Amino acid sequence: MSAIASSSQPVVGLSSSGALSHAYIKYPPLRYNIPGSRGLFYDDGNKIIVSPTNNQVFSWKISPFTPAIAPTSDSLSEGPILSIKFSLDSKLIAIQRSNHEIQFQHLETGETFTQKCKSESESLLGFFWTDCLLCDIVFVKTSGLDLFAYNSELNMLHLVETRKLNVNWYVYTHESRLVLLASGMQCKAFTGFQLSSVGIIQLPKFEMVMAKSEANSKPILASEDVYIITVYGRIYCLQVDRVAMLLHSYRFYCDAVVQQGSLPIYSSKIAVSVVDNVLLVHQVDAKVVILYDIFLDSQSPISAPLPLLLRGLPRSTSMGSRSNDKNGENSEVNYLSDLEAIIYGDDWNFLIPDLICDVSNKILWKLHLDLEAIAASSSDMASVLDFLQRRKLEAYQAKHLCLATARTIILERRPLSLVARVIDVLVSSYANSLKTGNYFKGSRSEKRAASTALHENIPAAGDMASASRATIIGKSFEYEGAGLEGEYFQASASSGSDLEENGTMGYLRTDTNIDTGKVPIGTETKIIEVHPPSVQADYDGLRNNLSGTSVSRMQERQLTSPVISPDEMYSFVFCPVEEEMAGEPSYLVSIMIELLRSANSEKIKVHPNIYVLTVQLLARNEQFVELGLLIINKVLEPSREVALQLLESGRQNRQIRKLGLDMLRQLNLHHDYIVSLVQEGYYLEALRYTRKHKVVTVQPSLFLEAALSSKDPQHLAAVLRFFSDFLPGFSHTSDHKAYYHLLTEMTLAPVS
Amino acid sequence: MGLSSVSSNTEDLQFCVFDLKRGQYEGQELDKILFFYPADLPFPSQLSVIGLSEGLITFTSIFSPEAPCEVIEAEMHSHVFYQAEPDIWMVMVVEKNTEVQAVWRIDALRNVLKEVHSLFMMFHGSIRLLLMKDPTGVIVRSHLYTFILDYLSAFRKWRTLDFCCCDFLVGKKLHLPSFRDSLKERGTVEMLTVGREAAIEVQSLVRVVESCGGNAQCYSLLLFQDLLVSTTLCPDDTINLFTYAVLRLTPHALSSRQSSWSYRGKGNSGSNIITKSSTEAAASFSEQHSPNSWSEDHRSIPRPLQHDKWSKGKDGFLVNDIWHGDSGNSTSPTPVVYLQQTEERMYLCAYQHCSLTLLFVVPVSSIINGEQGISAVKQLILDNASLKMSKVEEKLSKGWGGENAYHVSGYRYLLIDADRNISRASPPSKVATLAKDSLLFLTKLRKEVDIEKSRTRWDCPDHDRDLEICIRAKNNAWVIARATRGKELYMVLENANETVLYASDAVEKFSNRYCNGAFLD
C-alpha cells in the first residue's frame with residue numbers, strides 16, 4: 001500500500017536509526033535550562049513545569065507540548081523551596097518552604113502570607129490545589145488532610161475540613177483528582193479520597209498485595225512504587241511488587257477498589273506512562289517498554305517489548321540548525337550524540353502521564369506512540385483496528401491507518417469473515433461515537449465544552465461507577481460508559497480558566513506553526529490540547545497522499561476521533577478499491593453486504609452512494625437475480641439515487657428497469673416516475689397516473705411525442721383528447737395545433 | 001379433499017416424446033418414439049398419436065415456422081404440444097370431461113411438459129445430446145422412462161383403501177392440473193417475504209457460503225420450509241432446483257417418508273401430491289410394459305425423482321442413495337446437475353438446518369479430486385456458515401406466519417411476477433373453500449388471459465400488456481384478472497356481491513396493501 005509507505009515518511013524519515021519501536025520520544029525536546037535554577041517541579045494541575053531561581057520562577061506550558069516554547073516568569077521571594085505549585089486560576093503561587101509552612105504569593109500584587117501547621121508534632125508531606133467545590137487547596141500532613149478555602153478578600157486561607165489519619169506518604173494526580181494516603185508499617189494500607197467537583201468521596205480502605213521474600217522480612221512499600229493512572233476515564237492504581245516482580249493493578253469505583261490483575265515486570269526499576277490511554281510500562285534496566293491496552297481488561301501486552309527510540313534527530317548539521325538552540329554547530333552535534341546515549345538514563349524522571357524529564361540535561365521529552373508500527377506488529381486486523389479506533393491523540397493517523405488497512409485487506413482478498421470482523425469494528429466504533437456524541441466536530445465539541453459545567457458531575461459519577469453494577473452488567477456497560485467517561489473526564493479535567501487559556505494558546509500556536517492556514521477552532525484545540533504542532537506537520541505530509549476537499553474535511557474531523565463513517569468508508573475504501581478491483585465485483589459486493597449488515601445491527605443509516613455502487617457492481621457482473629432480491633427485500637434501501645441507478649444499469653435489462661420504476665413509484669417521486677414511464681413507452685399508463693396523482697409538472701409535449709413515435713393514430717388521438725379534456729386551455733396551445741395537424745396527416749395517409 | 005372428480009384414468013392420458021429427425025424412412029417409424037405412456041399401448045396406436053402430431057407440426061410450421069402447433073382441441077381430447085428441444089416434441093393427450101364442463105387450461109398442462117423436460121435436462125442433459133452419444137436411442141429411452149414415470153408418480157394419487165391391493169394400474173389415478181389448481185402457477189417459485197434485517201443476514205450467509213467454493217463461481221439457493229428465500233441462479237435454474245427441492249429435499253419432502261399418509265402443506269389439495277407411492281411400482285411397471293427398453297443394466301440409471309432416497313446425514317448435509325459410484329462405493333456420490341445458464345456441470349450439495357434448506361452448486365471442473373474435494377468444501381461450509389445458518393433460521397422462524405401466512409381474508413388470489421418467475425397464492429386449504437363454479441370461471445378467465453398474453457408476446461415482445469377483466473360468475477362471485485407490466489393478479493371474491501365498483505375497490509386495496517400498488521392506474 002503506497003499510502004502506508006508514504007505516511008510513514010514523516011515519522012521514520014528523520015529517525016536516528018531504522019530500529020523498530022512502538023513508543024518513541026521525538027527530537028527536539030523542551031529545554032528548561034535556566035541559569036541559577038533550583039530544581040524542577042511538575043505542576044500537573046496546570047500542566048506546566050516550574051523551575052524557580054533565587055528570585056524568579058519560570059514556568060513552561062507543556063500542554064500542548066511545544067519544544068520551542070518560551071517560559072513565562074514571575075518574581076518570587078527568596079527562601080528554601082521544597083515544592084511549588086500555581087493555583088488553578090493562576091492567581092496564587094504556593095511554595096512549600098519547610099515541613100511546617102507554606103508560603104502563598106499573589107502573582108499580581110506580590111502580596112504574601114504563610115500558612116503553618118498547628119502543632120509541631122505533625123509535619124507537612126505536601127499539598128495540592130484542587131477544583132473541588134468545598135476547598136481550593138489541600139495540605140497532606142502526617143496526621144491527615146487539611147482542606148482550606150482561599151479567601152481572596154482577606155487574602156488568607158481558612159480551614160474547611162480536616163480528615164484525621166496517619167499518613168506515611170501520599171500520591172496524587174490532578175487528572176484523577178484522587179489522593180491515596182499510605183499508612184501502616186509496610187505502608188501498604190491505603191485510604192483514598194477523590195476531590196471531585198461534586199464533593200469528596202472517601203474510598204473504602206484497602207491493602208495492597210506484597211509478596212514476602214523471606215518469612216520474617218516485611219518489605220515496605222515506597223511512594224515511587226505506586227502510580228495513579230487514568231485510562232479511558234477510569235482510574236487505576238498500579239503498584240510495583242518488587243519481590244514478586246509483578247505490577248499489580250487496582251481499579252477504583254466509588255464504593256470499592258477491585259484488584260484487576262498483575263502484569264509481569266522484568267526490571268528492578270520500573271516506570272509507568274500513559275499515552276493516549278495506552279499504558280506504557282518502562283522496564284528501565286532492560287531498556288525496553290511494554291505496551292498494554294487495558295481497555296478490555298486483558299493482561300496481555302499489545303506487542304512484544306521493544307526499546308524506546310529517539311526519533312527526529314537531525315543527522316546533518318543543517319538539520320541541526322532547525323532547532324532553535326543557539327549553540328554552535330559542533331556542540332550541537334555532540335549534544336545530539338549525548339542524547340542518544342541517555343535513553344533510560346539514571347537521570348530520567350517519569351512524569352505521569354506521558355512526560356520524561358531528563359534532570360541532568362535539563363530537557364523534557366514527551367512520549368509518543370508509533371501507531372503504524374503497532375498496527376504492523378499484529379496480524380489480527382480486527383483487534384488492530386479496534387485498538388486504532390480507540391486512539392484519540394493522533395486520531396488522524398489512526399484513522400488513516402484504519403482506512404489503509406481496510407483497503408489493503410480488501411485488495412488482498414482476505415477471507416470474508418475477516419473483512420466482516422474488521423467492518424464490524426469500524427462500524428460499531430462509529431455507532432458508539434454517535435451515541436456518545438463525540439463524532440460531530442466543531443459545533444458539537446464547542447457545545448460540549450460549554451456544557452462541561454453542567455455535566456461536571458459525570459466524571460465522578462461515571463468513573464466511580466459502582467463496582468457491583470459494573471460487574472453485573474459486564475463489559476458492554478463498561479464499553480459504553482468508558483466513552484462517556486473518557487470524554488467528559490478530559491473535558492473537566494482542566495479547570496475552567498485553564499481551559500480557556502489552553503484554548504487561546506493553542507489557537508495562537510497552531511496559527512503560527514501550520515502554514516496551511518487550516519486553523520482548528522479554539523474549542524477543538526482544547527481537545528487536542530496535548531497535540532504538539534510538530535505532529536501537525538506530519539499530518540501535512542500525510543495529507544499530501546490524499547487529495548481534494550474531502551481530505552480537508554477529514555482533517556477537520558480527525559481532530560476529535562478516528563472513527564470512520566460509512567460515508568467515508570465509501571469514499572476512502574470502496575471507491576479506491578473498486579477502481580483497482582474492477583475485475584471481481586462479486587467479492588466487493590459481499591463486503592458491501594457485510595457493511596450493510598453491520599450498519600443495520602448498529603442502526604446506522606448508510607448513504608445511498610453505497611447502495612448505488614452495489615447496484616453498479618451487480619449490474620456490471622450481470623447478477624440481476626441477486627440485484628432484484630436485494631431491491632425487493634429493501635436490503636438496498638429505496639431512494640431516488642438508487643432508482644435512477646437501476647434505470648441506468650437496467651438499460652440492457654428490462655426487469656431491472658422495472659425495479660427502478662417501481663421504486664420511483666413507491667417513493668412517490670411522481671415526476672421522475674412519469675418521465676421514466678414515458679421513456680419506457682408506457683405513456684398511456686403515465687397519463688392515467690398523472691390524472692390520478694394530479695401531477696402537473698410533466699409537459700404534454702413529452703406524451704405527445706411518445707404517442708407520435710408509436711405511429712398509432714389512435715394513441716396520439718387519445719393523448720390529444722386527454723389533454724384537451726383535462727388540461728384547461730390546452731386546445732389553444734401550439735402543441736395542440738402541431739400534433740393535431742400531425743394526427744390528421746397520420747389518419748389521412750393510409751387512405752390516400 | 002377427496003378424490004377429484006376430474007382425474008383421468010390411465011387410459012385417458014397419453015404422453016409421448018418423439019424426435020422428428022429420427023425414423024424418416026418407412027418401416028423405421030418406431031425409431032421416432034423416445035417415450036410413450038401408457039407403454040402398453042400397441043405400437044400402431046402409439047404411432048397414430050405421433051403421426052397426427054407430426055403431421056400437424058409440419059403443416060402448421062408452414063405458416064408459423066417459429067411456433068408451429070400449440071394445441072389441438074378435438075371433440076373428445078385435447079392434444080398439448082411442447083417443443084422441448086429443436087425437433088424434439090412432447091405431446092400430452094388428455095380426455096375432455098364433458099360432464100362437469102371441466103376445461104383443461106392448456107398452458108397449465110404445457111407447463112407440466114416443460115417442467116418434466118427441464119428437470120430431465122438438469123439431471124441428464126439434453127435429449128439431443130444423449131441421442132448424439134447413443135444413436136440407437138436405448139440410453140435416452142431408458143432414461144426418459146424412469147425419469148418421466150418417477151415424475152408422474154408425483155401426480156399419482158392412491159385410493160387409500162386400494163393401496164393394499166398392489167394393482168397399480170387400477171388403483172392409480174393421475175391428477176393433472178385441473179380447474180381446482182387455477183390459483184396456482186407451475187413453473188414459478190414461491191418466495192418467503194423477509195424483513196430487511198433478515199434479508200441482510202441471508203445475503204451475508206449466501207455470500208459466505210459461496211465464498212467457500214474458492215475462486216470458482218458457485219451458486220446457491222436457500223429455502224425456508226417450501227418457500228424460496230434467496231437465489232443466485234438465473235430464473236430457469238432457480239425454478240428447476242426449487243422444484244426439485246420442494247419435491248424431494250425440503251423438510252416436508254423428507255418427512256413424507258416417515259409419515260406415509262400425511263402429505264402436508266401445499267400438497268394437500270394441489271396436484272403436486274407427494275405420497276408414499278411405491279417407486280418400485282414405476283420400475284415394475286416399466287419392466288412389465290416395456291421390456292424391450294428395460295434391461296437389467298438400466299437399474300444403474302440414476303433416478304433423482306425416486307421417492308424416499310434422500311435423508312439427512314449426521315453433519316446436516318442431505319445424502320441419497322440414488323447415484324451410484326463408479327467404484328462401487330457404499331456411499332452415494334454427490335449428484336451432478338447441468339445448469340442452463342452456464343451450461344456447466346455442477347455438483348449439488350444440500351444442507352439442512354431445521355426448516356432451512358441450502359442448495360449449493362459448485363462447478364465440477366473446480367473440484368479436482370472428486371468426492372474428497374466435495375467433502376472439503378462441505379467442511380468449509382460447516383466451519384464458516386453453520387453459525388450464520390442457525391442465526392438465519394432462527395430469524396426466519398420468528399418472522400414466519402405459518403402455513404397461512406399469506407392468506408388474506410376475504411380474498412382468494414394468485415399473484416404472479418412473470419419477470420422474476422415468482423408467484424404467491426392463497427393457501428390451498430383456503431382455495432379449497434371456494435365454490436366449484438368460481439374455480440371453473442376462473443379457469444375460463446385464465447384461458448382468455450393466456451390467449452391474450454400469447455398474442456401480445458408475438459405482437460410486441462418488449463411491451464407488456466395491461467388488462468383488467470372482472471366477471472360476475474353464476475354464483476355471484478367476482479372473478480377478476482389484472483395484468484400490468486409483467487405482473488398478473490387473479491382473484492376470486494365470493495362475498496363481494498355488490499357492484500363492479502366494489503370489486504375493483506377490493507382489488508385496489510389488495511394492490512396497495514400487498515403489491516406495493518403495482519396494480520394501480
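- Looking at an unreviewed UniProt entry, one finds chain B named CCZ1/INTU/HSP4 first Longin domain-containing protein and attributed to Trapa natans.
- In its Sequence similarities (unreviewed entry) section, the UniProt entry covering chain B states "Belongs to the CCZ1 family."

- Taking an unreviewed UniProt entry as the reference, chain A is identified by name as Mic1 domain-containing protein belonging to Trapa natans.

### Quick notes on the sheet that holds strand β10 (residues 227-231) of chain B
Residue and element names in this part refer to chain B.
Here is step 1: Ordered in space as β10-β9-β15-β14-β13, the five strands form an open sheet in which the pairing is antiparallel. The outermost strands of the open sheet, each flanked by one partner alone, are β10 and β13 (336-338). Taken over all neighbouring pairs, the strand axes of this sheet differ in orientation by 30° on average, direction set aside.
Here is step 2: This element, helix α6 (residues 196-211), spans β9 (219-224), β10 and β15 (356-363) of the sheet and lies at about 140° to β9.
Here is step 3: With respect to the sheet, helix α7 (residues 235-249) is in contact with β9, β10, β13, β14 (345-353) and β15, its orientation differing from that of β9 by roughly 45°.

### What to know about the environment of Ser153 of chain B
Here is step 1: Relative to the helices and strands, Ser153 of chain B resides in helix α4 (residues 138-153).
Here is step 2: Each C-alpha atom of the pair Ser153 of chain B and Leu305 of chain B lies 9.1 Å from the other, and the pair is 152 residues apart in sequence.

### Some remarks on the sheet that holds strand β21 (residues 234-241) of chain A
Residue and element names in this part refer to chain A.
Here is step 1: The antiparallel open sheet is built from four strands, whose spatial order is β20-β21-β22-β23. Looking at which strands have only one partner, the edges of the open sheet turn out to be β20 (226-231) and β23 (256-264). Averaged over all pairs of adjacent strands, the angle between their axes in this sheet comes to 25°, without regard to strand direction.
Here is step 2: Bridge count for strand β22 (residues 246-253) against β23 is eight bridges, and the pairing is antiparallel. Directly across from Tyr253, in β23, lies its bridge partner Ala256.

### Observations regarding the UniProt feature "domain: Regulator of MON1-CCZ1 complex N-terminal" (unreviewed entry) in chain A
Here is step 1: UniProt tags residues 40-155 of chain A as "domain: Regulator of MON1-CCZ1 complex N-terminal" (unreviewed entry).
Here is step 2: Note that residues 40-155 of chain A is 0% helix and 49% strand, and that its end C-alpha atoms are spaced 27 Å apart.

### Things to note about the packing of aromatic side chains
Residues and elements named next belong to chain A.
Here is step 1: A complete count under the given rule lists 30 aromatic pairs over all chains for this structure.
Here is step 2: With 5.6 Å between their ring centres and 70° between their planes, Trp169 and Phe190 make a pair best called edge-to-face. Remark: Phe190 occurs in strand β17 (residues 189-196) and Trp169 occurs in strand β15 (residues 169-173); sequence separation between them is 21 residues.
Here is step 3: Residues Phe722 and Phe726 carry aromatic rings whose centres are separated by 5.0 Å and whose planes lie at 55° to one another, so their mutual orientation is tilted. Note that Phe722 and Phe726 are positioned in helix α25 (residues 713-726) at a spacing of four residues, about one turn of the helix.
Here is step 4: Cluster of aromatic residues (ring-pair linked, three or more members): Phe104, Phe113, Trp129, Phe139, Phe148 and Tyr150.

### Focus: helix α5 (residues 381-389) of chain A
All names here are of chain A.
Here is step 1: Most of α5 sits inside the fold, with seven of its nine residues counted as buried.
Here is step 2: Every buried residue of α5 is accounted for by Met381, Ala382, Val384, Leu385, Phe387, Leu388 and Gln389.
Here is step 3: Buried residues in α5 make contact with β25 (278-283), α4 (371-377), α6 (395-411) and α7 (416-436).

### Quick notes on the interface of chain A and chain B
Here is step 1: Every contact between the two is made by 36 residues of chain A and, on the other side, 37 residues of chain B.
Here is step 2: At the junction of chain A with chain B, the criterion picks out six salt bridges.
Here is step 3: With its nearest N and O atoms 3.2 Å apart, the salt bridge here joins Lys692 of chain A to Glu508 of chain B.
Here is step 4: Joining chain A to chain B, the criterion identifies 15 residue pairs in polar contact (both at pLDDT 80 or more).
Here is step 5: Elements with a minimum of two residues in the side of chain A that touches chain B: α17 (585-601), α18 (608-620), α19 (624-632), α21 (654-666), α22 (670-680) and α23 (683-693) of chain A.
Here is step 6: The element best represented in the side of chain A that touches chain B is α17 of chain A, accounting for eight residues.
Here is step 7: Residue composition of the side of chain A that touches chain B, grouped by class: 15 nonpolar, nine polar and twelve charged.

### Describing the confidence of the model for chain B
Residue and element names in this part refer to chain B.
Here is step 1: The predicted model of chain B averages 79 in pLDDT, with 81% of residues at 70 or higher.
Here is step 2: Ignoring residues within four places in sequence, the model shows residues 1-10, a span with pLDDT below 50, making 22 contacts including any to other chains.
Here is step 3: In this model residues 157-172 is a low-confidence stretch, pLDDT under 50, and it forms 29 contacts with partners more than four residues away in sequence or in other chains.
Here is step 4: Both scores are given for the predicted complex: the pTM is 0.76, the ipTM 0.82.

### Some remarks on the environment of Asp354 of chain A
Residue and element names in this part refer to chain A.
Here is step 1: By the element assignment, Asp354 lies in the loop between β28 (348-351) and β29 (355-358).
Here is step 2: You can call Asp354 buried: its relative accessible area is 8%.
Here is step 3: Between the alpha carbons of Asp354 and His368 there is a distance of 8.1 Å; along the sequence they are 14 residues apart.
Here is step 4: Leave out the neighbours within four places in its chain, and Asp354 touches Ser273, Val274, Val275, Trp365, Lys366 and Leu367.

### Points about the pattern of salt bridges
Here is step 1: Summed over the entire model, instances satisfying the criterion amount to 48 salt bridges over all chains.
Here is step 2: When the shortest N-O distance is used, the salt bridge between Arg657 of chain A and Glu680 of chain A registers 2.4 Å. With Arg657 of chain A in helix α21 and Glu680 of chain A in helix α22, this pair connects stretches of sequence that are 23 residues apart.
Here is step 3: Two residues, Lys184 of chain B and Asp181 of chain B, come together in a salt bridge whose shortest N-O distance is 3.9 Å.
Here is step 4: Accessibility expressed as a relative area gives 27% for Lys184 of chain B, which makes it partly exposed.
Here is step 5: Taken together, the salt bridges that share partners define one network made up of Arg105, Glu185, Arg446, Asp450, Lys453 and Glu488 of chain B.

### Let's talk about α23 of chain A
Here is step 1: Among the residues of α23 of chain A, Tyr683, Glu685, Ala686, Leu687, Tyr689 and Thr690 of chain A are the ones counted as buried.
Here is step 2: Tucked into the core, α23 of chain A has its buried residues touching α21, α22, α24 (700-709) and α25 of chain A.

### Here's the deal with unusual backbone geometry
Of all residues except glycine, most have a negative phi; of all peptide bonds, most are trans.
Here is step 1: In the segment running from Tyr37 of chain B into Pro38 of chain B, the intervening peptide bond is cis, with an omega of 0°.
Here is step 2: As for its placement among the helices and strands, Pro38 of chain B is situated in the loop between β2 (33-37) and α1 (43-63).
Here is step 3: Look at Cys187 of chain A: it is not a glycine, yet its phi comes out positive at around 60°.
Here is step 4: Positionally, Cys187 of chain A belongs in the loop between β16 (178-183) and β17.
Here is step 5: You can call Cys187 of chain A buried: its relative accessible area is 7%.
Here is step 6: One non-glycine residue with positive phi stands out, namely Glu622 of chain A, at about 55°.

### Describing the pairing of strand β1 (residues 14-19) of chain B
All names here are of chain B.
Here is step 1: Taken across its six residues, β1 has six buried, putting it largely inside the fold.
Here is step 2: The two faces of β1 match: Gln14, Cys16 and Phe18 on one face and Phe15, Val17 and Asp19 on the other face are all buried.
Here is step 3: As judged from the six bridges shared by β1 and strand β5 (residues 88-95), these two strands associate in the antiparallel manner. Bridge pairing in β5 places Val17 opposite Met90.
Here is step 4: Summarising the sheet, β1 and β2 pair through four bridges and their orientation is antiparallel. Considered in β2, the bridge of Cys16 is made with Phe36.

### Remarks on the nonpolar core
Here is step 1: Core analysis: the largest hydrophobic core is formed by 169 residues, its most contacted members being Leu388, Ile410 and Phe703 of chain A.
Here is step 2: Tallying contributions element by element places α7 of chain A first for this core, with ten residues.
Here is step 3: The contact partners of Ile410 of chain A, leaving out residues within four places of it in the chain, are Val419, Val573, Phe574, Val577, Met581, Tyr587, Leu588 and Ile591 of chain A.
Here is step 4: In this structure, Phe35, Leu241, Phe242 and Leu359 of chain B belong to the second largest nonpolar core, which totals 66 residues.

### Some thoughts on the packing of α23 of chain A against α25 of chain A
Residue and element names in this part refer to chain A.
Here is step 1: One can describe the packing of α23 onto α25 by two numbers: an axis separation of 11 Å at closest approach and a directional angle of 15°. Comparing the axis directions of α23 and α25 gives the class roughly parallel. Where α23 crosses over α25, the handedness of that crossing is left-handed. In contact with Tyr683, Leu684, Leu687, Thr690 and Arg691 of α23, α25 contributes His715, Val719, Phe722, Phe723 and Phe726.
Here is step 2: Considered class by class, the residues forming the contact of α23 with α25 number seven nonpolar, two polar and one charged.

### Let's talk about the side chain of Asp44 of chain A
Residues and elements named next belong to chain A.
Here is step 1: Along the chain, Asp44 turns up in the loop between β3 (41-43) and β4 (48-52).
Here is step 2: Of the side chains with opposite charge, Lys85 comes closest to the buried, unpaired Asp44, at an N-O distance of 5.7 Å.
Here is step 3: Not counting chain neighbours up to four residues away, the residues in contact with Asp44 comprise Tyr172, Thr173, His174 and Glu175.

### With respect to a nonpolar patch on the surface
Here is step 1: Together, Phe59, Ile62 and Phe63 of chain B make up a nonpolar patch on the protein surface, roughly 370 Å² of accessible area in all.
Here is step 2: Considering the arrangement of structural elements, one finds Phe59 of chain B in helix α1.

Criteria and cut-off values
- Residue positions are given per chain, counted from 1 along the sequence in the order it is written.
- All chains are assigned letters beginning with A, and all ligands numbers beginning with 1, in the order in which they are written.
- The predicted nature of this model means local features are confined to residues of pLDDT at least 70 and side-chain atom pairs, given and counted, to a pLDDT of 80 or more, with totals for whole chains, interfaces and linings taken over all residues.
- Hydrogens and waters are ignored; side-chain quantities use all the structure's heavy atoms.
- UniProt positions are given in the numbering used here, feature names are shortened, and annotations may be inferred rather than shown by experiment.
- Two strands pair under a simple rule: DSSP has to find at least two bridges between them.
- Secondary structure elements follow DSSP: runs of H or I of four or more residues count as helices, runs of E of two or more count as strands, with numbering from the N terminus.
- Geometry is summarised by axes, namely lines fitted to C-alpha atoms with helices restricted to the contacting stretch, and by angles between N-to-C directions that run from 0 to 180 degrees.
- The contact rule is simple, with two residues in contact once any of their heavy atoms fall within 4.5 Å.
- Stacked, tilted and edge-to-face are the three classes assigned to paired rings of Phe, Tyr and Trp, where Trp is represented by its six-membered ring and a pair needs centres within 6.5 Å; plane angles under 30 degrees give stacked, over 60 edge-to-face, the rest tilted.
- Exposure classes here rest on a 1.4 Å probe applied to the protein chains alone. A residue is buried below 20% of its type maximum, exposed above 50%, and partly exposed in between.
- Counted as salt bridges are all cases of a side-chain nitrogen of Lys or Arg within 4 Å of a carboxyl oxygen of Asp or Glu.
- Contacts described as polar in this section are N or O atom pairs within 3.5 Å, which, within protein, must combine one atom able to donate a hydrogen with one able to accept it, while residues neighboring in sequence count only if both atoms come from side chains.
- Polarity classes work like this: nonpolar for Ala, Val, Leu, Ile, Met, Phe, Trp, Tyr, Cys and Pro, charged for Asp, Glu, Lys and Arg, and polar for all others, with Gly in that last group.
- Scored from 0 to 100, pLDDT records how confident the predictor is in each individual residue.
- Take the buried residues of types Ala, Val, Leu, Ile, Met, Phe, Trp, Tyr and Cys, join any two whose side-chain atoms come within 4.5 Å, and each joined set is a nonpolar core.
- Each angle is binned into one of four classes, with values under 35 degrees roughly parallel, values over 145 roughly antiparallel, values of 65 to 115 roughly perpendicular, and all other values oblique.
- We call a crossing left-handed when the near helix sits turned anticlockwise from the far one by less than a right angle, and right-handed when that turn is clockwise.
- Here Asp and Glu are counted as negative and Lys and Arg as positive; His is not counted, and neither are the chain ends.
- Exposure above 30% relative accessible area and the lack of any salt bridge qualify a residue for a patch; like charges then connect within 9 Å, and the nonpolar side chains Val, Leu, Ile, Met, Phe, Trp and Tyr within 5 Å.
- Every accessible area reported is derived by Shrake-Rupley at a probe size of 1.4 Å, with residue values counting cover from the shown protein chains alone.

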